[in-house]
Amino acid sequence: MKKLNILIVVIATCCSAGAFAQSAPISAADPSTFSTTTQNYARSVTLTILARADVQNDIGLTSQESASLATLLASVQDSHTLVTTLAQLRTFEAAVSAQVSAILSDQQNKRLKELTIQYLGYESLYSTQMQEEVGLTGTQILQVDVIFNDLLAARAKSSAVSAGQLNAQANQALAAVLTSTQIDKLHTFAAVPLGTP
């Protein structure tokens, strides 16, 4: 299989995400599986999560859905889309998510959203939809957007070795922006653990 020269732009670090450490049973993939290139090649968070066998079992992927997702994954990997800003990340992930949504059922899409929030923790707030659902104010949205743009800029200048440290710092900054009610709301979206029927 072709070696991937791509990075997850926003690698989730639920274990270092403080408030998510206890409630998020799904965790990010081993960072050693990602290239050490300094380029921020986009790798869809949605497809990264769907590549996991435990997630596929949890959402009940059929063999036809798996084949369609494998084709989509291959096309995304071959695109080598460079992502250096939050706007680029949102555009890229929205395009991939729309294609995934067309493959999955409504129930599977709902469950995938829950698992994505578990996987990303606070970093799920890169999504404008999540910002709205959690109830961020205009000021908070500006703060969150600055945090993500800073993270992407730092990732562009850094190797994958320091990705965990950069993400931990971003998670701390994101947690500091939210109120306790908003944190509780984010936890509610990710409440059903992986593998729960």
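What comes next is a walk through the structure. (Residues numbered from 1 in each chain as written. Predicted model: local features only at pLDDT ≥ 70, side-chain atom pairs only at ≥ 80, totals over all residues. Heavy atoms only, no water.)

## Some points on the overall build of the chain
Part 1 of the argument: When you go through the chain residue by residue, the secondary structure sums to nine helices and zero strands.
Part 2 of the argument: Long-range pairs, those at least 24 residues apart, make up 80% of the contacts in the chain with a sequence separation of at least 6.
Part 3 of the argument: Total accessible area on the chain stands at roughly 9400 Å², and carbon and sulfur atoms take up 56% of it. (Helix = DSSP H or I, 4+ residues; strand = E, 2+ residues; numbered from the N terminus. Contact = heavy atoms within 4.5 Å. Areas by Shrake-Rupley, 256 points an atom, 1.4 Å probe, with all protein chains shown as cover.)

## Re the environment of Ala-153
Part 1 of the argument: Positionally, Ala-153 belongs in helix α7 (residues 138-157).
Part 2 of the argument: Looking at Ala-153, the relative accessible area reads 34%, which means it is partly exposed.
Part 3 of the argument: Between the alpha carbons of Ala-153 and Val-83 there is a distance of 9.8 Å; along the sequence they are 70 residues apart. (Buried < 20%, exposed > 50% of the residue type's maximum accessible area, 1.4 Å probe, protein only.)

## Side note on the packing of α7 against helix α8 (residues 163-177)
Part 1 of the argument: Following both chains from N to C, one finds α7 and α8 inclined at 175°, their axes separated by 10 Å at the closest point. Taken together, α7 and α8 sit at an angle that is classed as roughly antiparallel. The segment α7 lies against α8, with Gln-140, Gln-143, Val-144, Ile-147, Phe-148, Leu-151, Ala-154 and Arg-155 engaging Ala-163, Leu-166, Asn-167, Ala-170, Ala-173, Leu-174 and Val-177. (Axes fitted to C-alpha atoms, helices over the stretch in contact; angles between N-to-C directions. Parallel < 35°, antiparallel > 145°, perpendicular 65-115°, else oblique.)

## Describing the pattern of salt bridges
Part 1 of the argument: This model, assessed by the stated rule, comprises six salt bridges.
Part 2 of the argument: Across the salt bridge formed by Arg-111 and Asp-58, the nearest N and O atoms sit 2.6 Å from each other. With a gap of 53 residues between them, Arg-111 in helix α5 (residues 106-120) and Asp-58 in helix α2 (residues 53-59) connect regions that are remote in the sequence.
Part 3 of the argument: Among the residues examined, Arg-111 registers a relative accessible area of 10% and is labelled buried. (Salt bridge = Lys/Arg side-chain N within 4 Å of Asp/Glu carboxyl O.)

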